[in-house]
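Each chain, letter by letter, is given below.
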Amino acid sequence: MALDEVFIKLKAGRKIPHTLRFLQFSNPTVLVGHHQSVEEEIRLDYCQTKGIEINRRLTGGGALYWEGRN
């Protein structure tokens with residue numbers, strides 16, 4: 001997600017062209033939208049038990065679940 005922030009800043013400064021990025025995660029991950037409350041949207045105890053990582057997107061929208069590749 002840190003890379004997304006870098007791309008946004010570079011694009012805003014007109015230092016890079018339009019960019020299409022494909023996401024892939026090694027581990028199961030939940031991405032929470034910018035304006036969402038993690039405590040209200042995610043079952044934290046379940047994620048901790050199952051080893052599911054939690055991260056926040058810079059964009060809005062609902063939570064997304066990504067499974068890792070095996």
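Higher on the page you've got the structure.
Residues numbered from 1 in each chain as written. Predicted model: local features only at pLDDT ≥ 70, side-chain atom pairs only at ≥ 80, totals over all residues. Heavy atoms only, no water.

**Some remarks on the overall build of the chain**
Phase 1 of the analysis: Within the chain, the regular secondary structure consists of 3 helices and 3 strands.
Phase 2 of the analysis: The linear arrangement of helices and strands in the chain, starting from the amino end, is α-β-α-α-β-β.
Phase 3 of the analysis: Relative to the 2.2 N^0.38 estimate, which gives 11 Å for 70 residues, the radius of gyration of the chain is 14 Å and therefore markedly larger than a compact globule would have.
Phase 4 of the analysis: Counting all 70 residues of the chain, 19% fall into the buried class.
Phase 5 of the analysis: Sequence-distant contacts, at least 24 apart, represent 59% of the contacts inside the chain between residues at least 6 apart.
Phase 6 of the analysis: Averaged over its 10 positive side-chain charges, the chain has a centre that lies 12 Å from the centre of its 8 negative ones. (Helix = DSSP H or I, 4+ residues; strand = E, 2+ residues; numbered from the N terminus. Rg over C-alpha atoms; globule rule 2.2 N^0.38 Å. Buried < 20%, exposed > 50% of the residue type's maximum accessible area, 1.4 Å probe, protein only. Contact = heavy atoms within 4.5 Å. Lys, Arg positive; Asp, Glu negative; His and termini not counted. Charge placed at Lys NZ, Arg CZ, Asp CG, Glu CD.)

**A short note on the sheet that holds strand β2 (residues 53-56)**
Phase 1 of the analysis: One open sheet accounts for 3 strands, arranged β2-β1-β3; its pairing is mixed. Of all the strands in the sheet, the pair left with one neighbour each is β2 and β3 (64-66). When strand polarity is set aside, the average angle formed by the axes of neighbouring strands in this sheet is 25°.
Phase 2 of the analysis: Where strand β1 (residues 29-32) lies against β2, 4 bridges are found, and the strand directions are parallel. (Pairing = 2+ DSSP bridges. Axes fitted to C-alpha atoms, helices over the stretch in contact; angles between N-to-C directions.)

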